[in-house]
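Residue-level listing of the chains:
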Amino acid sequence: QVQLVESGGGLVQAGGSLRLTCTASGTFSGYGMGWFRQSPGKEREFVAGISWSGSGTYYADSVKGRFTISRDNARRTVYLQLNSLKPEDTAVYYCAAGAGWRPTSRYEYWGQGTQVTVSS
């Protein structure tokens with residue numbers, strides 16, 4: 001079992017930055033991690049993923065070059081740095097743990113989400 005808690009969301013102007021944090025408790029070892037987001041009326045979408053070692057990362061085309069995923073296994077934490085934010089990035093952001101770290105991987109555990117709102 002893995003429990004995930006996201007933090008760091010908030011209101012920011014377009015062009016600004018935020019850093020989201022996902023803190024894990026329970027059995028964290030070996031899991032790939034992903035960040036997803038969902039905005040009202042839209043399906044949840046994959047944003048970024050990172051392998052257990054951190055050597056592998058994967059980004060959605062919509063955030064490539066603007067967002068950076070990283071992890072600190074000693075701190076049981078995964079980060080998502082959001083730069084050059086756009087109003088269309090507004091969503092609830094979720095972190096998830098699973099066997100893989102790509103969009104089609106199976107994610108078993110999910111956090112409760114943190115709201116990111118980007119004003120124009």
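Everything discussed here concerns the structure shown above.
Residues numbered from 1 in each chain as written. Predicted model: local features only at pLDDT ≥ 70, side-chain atom pairs only at ≥ 80, totals over all residues. Heavy atoms only, no water.

(A) Layout of the pattern of salt bridges. The tally for this structure, following the rule as stated, stands at five salt bridges. A network of salt bridges, in which partner residues are shared, links Arg-37, Glu-45, Arg-66 and Asp-89. (Salt bridge = Lys/Arg side-chain N within 4 Å of Asp/Glu carboxyl O.)

(B) A look at the sheet that holds strand β1 (residues 2–7). Pairing in this open sheet of four strands is antiparallel, and the strands run β1-β3-β8-β7 from one edge to the other. One side of each edge strand has no neighbouring strand; the edge strands of this open sheet are β1 and β7 (67–72). Between one strand axis and the next, the sheet turns by 15 degrees as a mean value, whatever way the strands run. Bridge count between β7 and strand β8 (residues 77–82): six bridges; the pairing is antiparallel. Looking at the pairing, Phe-67 lines up with Leu-82 of β8. (Pairing = 2+ DSSP bridges. Helix = DSSP H or I, 4+ residues; strand = E, 2+ residues; numbered from the N terminus. Axes fitted to C-alpha atoms, helices over the stretch in contact; angles between N-to-C directions.)

(C) Region of interest: the packing of aromatic side chains. Evaluation of the coordinates by the stated rule reveals seven aromatic pairs. Taking 5.9 Å as the distance between ring centres and 85 degrees as the angle between the ring planes, the aromatic pair formed by Tyr-31 and Tyr-109 counts as edge-to-face. Of this pair, Tyr-31 sits in the loop between β3 (18–26) and β4 (32–38) while Tyr-109 sits in strand β10 (residues 107–110), placing them 78 residues apart in sequence. Owing to a relative accessible area of 15%, Tyr-31 belongs among the buried residues under this scheme. Ring geometry for Phe-36 and Phe-46: centres 5.5 Å apart, planes at 85 degrees, overall edge-to-face. Taken together, the residues Phe-36 in strand β4 and Phe-46 in strand β5 (residues 45–50) connect sequence positions ten residues apart. Phe-46 carries the same exposure label as Phe-36, and that label is buried. Put simply, the rings of Phe-36, Phe-46, Tyr-58, Tyr-107 and Trp-110 touch in pairs and so form one group of aromatic residues. Stacked on the ring of Phe-36, the Lys or Arg Arg-44 has its end atom at 5.8 Å from the ring centre. (Phe/Tyr/Trp six-rings, centres within 6.5 Å; stacked < 30°, edge-to-face > 60°. Buried < 20%, exposed > 50% of the residue type's maximum accessible area, 1.4 Å probe, protein only. Lys NZ or Arg CZ within 6 Å of the ring centre and 35° of its normal.)

Purely geometric stuff here, so don't read any function into it on its own.
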